[in-house]
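Coordinate analysis (summary)
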Amino acid sequence: MSAASIRLPLWAQTVASLAGAPAAGPLLLGVDYYPDQTPEALWEEDARMMADFGFTNVRIAEFAWALMEPAEGKFDFAWLRRSVDILHKHNIAVILGTPSAAPPPWLTAKYPDIVEVNEKGERLHPGGRRFTCPTNQAYRRLSLIIASEMARTFTETQGVIGWQIDNEFTLGSSQRCYCNYCQAGFQTWLRSRYGTLDNLNQSWGTVFWSQTYTDFSQIPVPLPSGGDPNPGLALDYDRYQSYANVSFQQEQLDMLRKTCPRHFVTTNNVGLVDTINMRDLYEKLDFTAFDNYPGFFDMLMAQQGRMGSSAFVSSSIALGHDLARSVKGGKPFMIMEEQSGKAGQKTFSPQPEKGQARLWTYQAIAHGAMGVNYFRWDTATFGAEEYWHGILNHDRSKSPAFDEIKQGVRELKALGREVLYSNYVADAALVFDYDCSWALAIQPGHFRLAYLDQIVSWYGAISASRSGIDVIGPEIDLSAYKIVFAPVAYVMSEKQAARIRSFVQGGGMFVTNFRLGVKTETSQIVRTPLPGLLRDVMGVTVEDYIPVYSAKNGMKFSPALAGPDSECVLWTDILQPAGAEVLASYTMGAHAGQPAITMNSFGKGKAVYIGGDLNEASLARVLRTLSGMAGVKPPLEVPAGVEVTVRKAGNKQWIFVLNHGASSQSVNLPAAFVDLLTGEKLTGKIDIGAYGVRVLQA
Ligand SMILES: [Zn+2]
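Residues numbered from 1 in each chain as written. Predicted model: local features only at pLDDT ≥ 70, side-chain atom pairs only at ≥ 80, totals over all residues. Heavy atoms only, no water.

The next point concerns the overall build of the protein. The helix and strand inventory of the protein stands at 20 helices and 26 strands. Taking 2.2 N^0.38 as the reference for a compact globule, 698 residues should give roughly 26 Å; the C-alpha atoms of the protein span a radius of gyration of 26 Å, in line with that estimate. Dimensions of the protein, computed from C-alpha atoms along their principal axes, come out at roughly 75 × 75 × 55 Å. Put simply, the protein has 698 residues, and 59% of those count as buried. The long-range fraction of contacts in the protein, counting pairs at least 24 apart against all pairs at least 6 apart in sequence, stands at 72%. As displayed, the protein has an accessible area near 27300 Å², and 53% of this comes from carbon and sulfur atoms. Side chains of the protein carry 62 positive and 68 negative charges; the gap between the two charge centres is 4 Å. (Helix = DSSP H or I, 4+ residues; strand = E, 2+ residues; numbered from the N terminus. Rg over C-alpha atoms; globule rule 2.2 N^0.38 Å. Buried < 20%, exposed > 50% of the residue type's maximum accessible area, 1.4 Å probe, protein only. Contact = heavy atoms within 4.5 Å. Areas by Shrake-Rupley, 256 points an atom, 1.4 Å probe, with all protein chains shown as cover. Lys, Arg positive; Asp, Glu negative; His and termini not counted. Charge placed at Lys NZ, Arg CZ, Asp CG, Glu CD.)

Across the sheet, six strands lie side by side as 10-22-23-26-24-25; this open sheet has antiparallel pairing. Here the strands that pair on one side only, and so sit at the sheet edges, are strand 10 (423–424) and strand 25 (681–688). With seven bridges connecting them, strand 24 (residues 665–675) and strand 25 associate as antiparallel partners. In the strand pairing of strand 25, Asn668 is matched with Lys685. (Pairing = 2+ DSSP bridges.)

Here we take up the nonpolar core. Nonpolar side chains in soluble globular proteins generally cluster together in the buried interior. Grouped together as the largest cluster of nonpolar side chains are 184 residues, with contacts concentrated most on Phe55, Ile60, Leu80, Leu96, Val511, Ile597 and Leu623. Apart from residues lying up to four places away in sequence, Ile60 is in contact with Tyr33, Pro35, Leu80, Ser83, Val84, Leu87, Val94, Ile95, Leu96 and Gly97. In terms of nonpolar packing, the next biggest core, distinct from the first, is built from 21 residues, Cys133, Cys179, Val221 and Leu233 among them. (Core = buried A, V, L, I, M, F, W, Y, C linked by side-chain atoms within 4.5 Å.)

Our focus in this paragraph is a nonpolar patch on the surface. Among the surface-exposed residues, Val207, Phe208 and Trp209 lie close enough to one another that they form a single nonpolar patch of about 410 Å² accessible area. Looking at the secondary structure, you find Phe208 in the loop between helix 8 (197–204) and helix 9 (231–259). (Patch = residues over 30% accessible without salt bridge, like charges linked within 9 Å, V, L, I, M, F, W, Y side chains within 5 Å. Salt bridge = Lys/Arg side-chain N within 4 Å of Asp/Glu carboxyl O.)

A few words on the coordination of the zinc ion. At 2.3 Å from the zinc ion lie its protein donor atoms, namely Cys133 (SG), Cys177 (SG), Cys179 (SG) and Cys182 (SG). Each of the four donor atoms bound to the zinc ion contributes to angles spanning 98 to 122°, and the resulting shape is tetrahedral. The sequence motif formed by the donor residues of the zinc ion is C-x43-C-x1-C-x2-C. You can call Cys179 buried: its relative accessible area is 2%. (Donors = N, O, S within 2.8 Å, 3.2 Å for Na, K, Ca; no water. Tetrahedral: all angles 85-135°; square planar, octahedral: opposite > 155°, others 65-115°.)

This part takes up the packing of aromatic side chains. How two aromatic rings sit relative to each other is set out by the distance from centre to centre and by the angle between their planes. For the structure on display, the rule yields 36 aromatic pairs. Measuring from ring centre to ring centre gives 6.2 Å for Trp189 and Tyr240, while their planes differ by 65°; the resulting arrangement is edge-to-face. Residue Trp189 is found in helix 7 (residues 180–194), and its partner Tyr240 is found in helix 9; the two are separated by 51 residues along the sequence. Look at Trp189 and you get buried, because its relative accessible area is 13%. The class for Tyr240 is buried, based on a relative accessible area of 3%. Between Tyr293 and Phe375 the ring centres are 6.1 Å apart and the planes differ by 80°, which places this aromatic pair in the edge-to-face class. (Phe/Tyr/Trp six-rings, centres within 6.5 Å; stacked < 30°, edge-to-face > 60°.)

Okay, the confidence of the model for the protein next. The predicted model of the protein averages 94 in pLDDT, with 96% of residues at 70 or higher. In this model, residues 1–7 is a region of pLDDT below 50 whose contacts with residues beyond four sequence positions or in other chains number three contacts. The low-confidence segment residues 13–22, where pLDDT is below 50, has nine contacts with residues more than four positions distant or belonging to other chains. (pLDDT = per-residue confidence, 0-100.)

With that out of the way, let us pick up the packing of helix 4 (residues 78–89) against helix 6 (residues 137–154). In the contact formed by helix 4 and helix 6, the axes pass within 12 Å of each other and the chain directions differ by 45°. Judged by the inter-axis angle, helix 4 sits oblique to helix 6. The chirality of how helix 4 crosses helix 6 is right-handed. Between helix 4, through Leu80, Arg81 and Val84, and helix 6, the contact on the second element is made entirely by Met150, Thr153 and Phe154. Residues of the contact of helix 4 with helix 6, tallied by class, amount to four nonpolar, one polar and one charged. (Axes fitted to C-alpha atoms, helices over the stretch in contact; angles between N-to-C directions. Parallel < 35°, antiparallel > 145°, perpendicular 65-115°, else oblique. Left-handed = near helix turned anticlockwise from the far one by under 90°. Nonpolar A, V, L, I, M, F, W, Y, C, P; charged D, E, K, R; others polar.)

Residue Arg376 follows Phe375 across a cis peptide bond; omega there is -5°. The amide bond that connects Leu530 to the next residue, Pro531, takes the cis arrangement and shows omega of 5°. Looking at the secondary structure, you find Pro531 in the loop between strand 14 (509–513) and helix 19 (535–538). Although it is not a glycine, Trp209 sits at a positive phi angle of roughly 55°. Phi at Arg515 is positive, roughly 70°, even though this residue is not glycine. Note on placement: Arg515 falls in the loop between strand 14 and helix 19. For Arg515, a relative accessible area of 8% puts it in the buried group.

One pass over the full model with this rule turns up 30 salt bridges. Across the salt bridge formed by Arg130 and Asp166, the nearest N and O atoms sit 2.4 Å from each other. Pair noted here: Arg130 is in the loop between helix 5 (105–110) and helix 6 and Asp166 is in the loop between strand 4 (160–164) and helix 7, with a separation of 36 residues, a long-range link. Side by side, Arg130 and Asp166 carry an identical accessibility label, which is buried. Note that Asp236 and Arg239 form a salt bridge whose closest N and O atoms lie 2.9 Å from each other. On the criterion of helical spacing, the pair formed by Asp236 and Arg239 is a turn pair, its members being three residues apart in helix 9. Taken individually, Asp236 and Arg239 each receive the classification buried, so the pair is uniform in this respect.

What follows deals with the environment of Leu619. With respect to the helices, strands and loops of the structure, Leu619 is situated in helix 20 (residues 616–629). Take Leu619: its relative accessible area is 6%, and that puts it in the buried class. Considered as a pair, Leu619 and Gln345 are 274 residues apart in the sequence and their alpha carbons are 36 Å apart. Setting aside chain neighbours within four positions, we find Leu619 in contact with Ser457, Trp458, Ala461 and Leu614.

Let's shift gears to the pairing of strand 18 (residues 581–586). Summarising the sheet, strand 16 (residues 554–557) and strand 18 pair through three bridges and their orientation is antiparallel. Opposite Met555, over in strand 18, you have Tyr586 as the bridge partner. Bridge analysis of strand 18 against strand 19 (residues 595–602) gives four bridges, and the strand direction is antiparallel. The partner of Glu581 across the bridge, within strand 19, is Met599.

Let us now look at the packing of helix 17 (residues 451–463) against helix 20. Close contact between helix 17 and helix 20 brings their axes to 8 Å; oriented N to C, the two are set at 55°. Judged by the angle between their axes, helix 17 and helix 20 are oblique. Viewed along their axes, helix 17 and helix 20 form a crossing whose handedness is right-handed. Where helix 17 approaches helix 20, its residues Ser457, Trp458, Ala461 and Ile462 are matched on the opposing element by Leu619, Ala620 and Leu623. Partitioned by chemical class, the residues of the contact of helix 17 with helix 20 number six nonpolar, one polar and no charged.

Take the side chain of Glu643 next. Here Glu643 is to be found in strand 22 (residues 642–649). Polar side-chain contacts of Glu643 include one of 2.5 Å to the side chain of His367. A distance of 2.6 Å separates a polar atom in the side chain of Glu643 from a polar atom in the side chain of His660. Not counting chain neighbours up to four residues away, the residues in contact with Glu643 comprise Ala318, Gln363, His367, Arg466, Phe656, Val657, Leu658 and His660. (Polar contact = N/O pair within 3.5 Å; in protein donor to acceptor, adjacent residues only side chain to side chain.)

What follows is the structure, encoded as structure tokens:
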């Protein structure tokens with residue numbers, strides 16, 4: 001086959017035309033649009049206004065199953081084709097969403113058992129969205145049929161450039177399904193994972209409570225059962241549910257690759273919901289697409305009694321972006337839904353402050369995004385999301401953020417694809433391991449100990465060192481990093497332990513904390529003293545592990561980590577050094593004076609064990625100090641509340657400086673820079689306005 005006869009995907013063809021920027025792809029600065037919810041008389045005006053706005057593309061149709069298949073096997077895409085044609089006429093490209101997140105009433109009436117069963121064993125009811133079982137064959141078959149009909153209809157349609165499969169797999173009101181179909185699917189999955197019942201019984205330790213299985217069909221799902229489930233079974237069930245969603249998606253992906261070889265394919269998610277392993281979900285997709293709602297998330301935190309958790313919210317948002325990029329090994333990602341106004345359903349967040357919508361866009365770009373779609377064009381006047389505000393208000397007047405989003409789109413086009421498709425620079429990595437998250441949720445040890453909370457706290461503390469952070473899985477080679485952080489690494493495989501050992505031996509710094517290496521991959525507790533497989537690397541033995549409730553403890557630091565004493569918030573591991581240097585000691589109770597933080601020299605590197613759960617200020621200071629010891633240097637010294645990241649392509653480098661505060665901040669530049677957004681030449685002390693952004697190039 002000659003090169004000329006290979007049919008490149010449409011979005012890859014742009015690459016060929018971009019001399020000198022071989023890594024660049026399509027420009028995706030668009031908006032989420034609902035022609036299905038908009039009178040057809042307005043479609044032309046919408047498309048013209050979007051084109052005037054500067055948008056390059058829309059995403060449409062992901063909730064329009066009932067219009068596209070009004071009765072089983074009866075399809076109507078004429079309306080959608082008219083919409084696509086109008087958009088194309090105005091040079092707006094189209095990402096089509098397959099509609100499986102919201103099956104229509106005729107479908108659930110005929111196939112009621114596609115509806116998922118929650119963790120209490122109650123079947124949900126149709127009427128909302130994302131109420132479906134990922135295993136159910138009827139749901140899979142019908143989802144694939146509607147997606148296939150769409151794909152066949154639009155594969156040659158001008159203007160269609162890509163696909164979003166389904167919508168937000170991670171966001172059901174019940175996170176996992178526990179129905180009979182899932183039980184059967186789980187049993188099949190277990191058969192292929194363990195091979196034999198003997199192996200499964202041994203791996204889970206089913207002799208406990210007389211749970212020995214003599215046939216795969218006896219294996220239950222973890223529904224209420226008079227006592228807690230076997231931890232091995234529970235962890236495997238979380239893995240199975242993640243797998244079931246990934247394999248559900250794979251059916252549509254295989255079809256789209258075959259039917260629409262010229263189109264890109266992705267899906268959208270809120271990345272920090274940990275029900276599905278994002279690395280598996282995106283592995284075979286073209287790029288990651290996440291949804292980003294900082295204001296809405298802030299409101300959710302307040303609803304959960306975490307008022308004033310703005311540091312937690314801002315760390316979570318930045319972490320979400322770094323995860324999006326890292327999920328596909330650093331490849332530029334897309335924000336498929338970016339908050340543009342008040343956001344929510346029954347209750348909603350306030351309008352973003354003036355400048356924030358543009359700032360949030362730049363924050364995504366600063367962390368490695370190549371495109372942003374805003375949610376949504378107009379604001380619905382009906383339906384569960386009629387308070388989820390878009391770029392046009394209910395009366396189609398301009399929303400408060402209209403002009404600044406338009407400004408941002410114009411600026412990003414001017415920055416161009418070379419910046420949008422450049423690489424992100426990270427000296428540090430944070431391990432985010434789904435197995436640890438799931439296993440710790442099954443047995444947290446302390447009712448307030450949650451893996452995601454620890455990850456977010458650590459991320460916030462590490463980001464104070466401005467190092468650039470990749471959020472990596474346990475299977476990643478670590479040699480590219482100066483320092484690797486792995487909080488609550490509760491489940492540790494032999495392969496992961498070997499990678500950590502060789503990283504430290506080679507000169508890296510590995511920083512971890514309590515609950516390290518407690519469990520094997522099958523969720524059994526290791527039979528060696530803790531921290532299990534990494535005891536030699538860490539140079540300590542955990543003498544005891546203690547959740548903190550009413551009996552308080554604190555920590556006093558050595559000069560190397562100098563600072564005020566910390567309280568121990570949730571946990572203390574009591575450490576017995578075996579060669580490691582002591583960097584902090586406990587201050588109270590029976591263990592006062594005993595080591596609380598240790599640092600071990602191993603090979604050419606260092607391994608640090610933080611035995612207690614530090615308060616926020618101490619954690620930030622300790623992790624920043626360790627980053628400095630590992631040789632991490634910030635690209636710029638900036639005050640708190642100002643974020644700085646670096647992207648680069650070849651020998652070109654762009655420094656993003658983002659002020660998340662409501663008042664102006666100043667930064668001292670070590671050299672002369674140009675602000676690419678304003679064209680100003682800058683030296684010395686410069687101001688970053690409230691919610692302001694600068695993109696600096698030397
Ligand atoms: Zn199910």
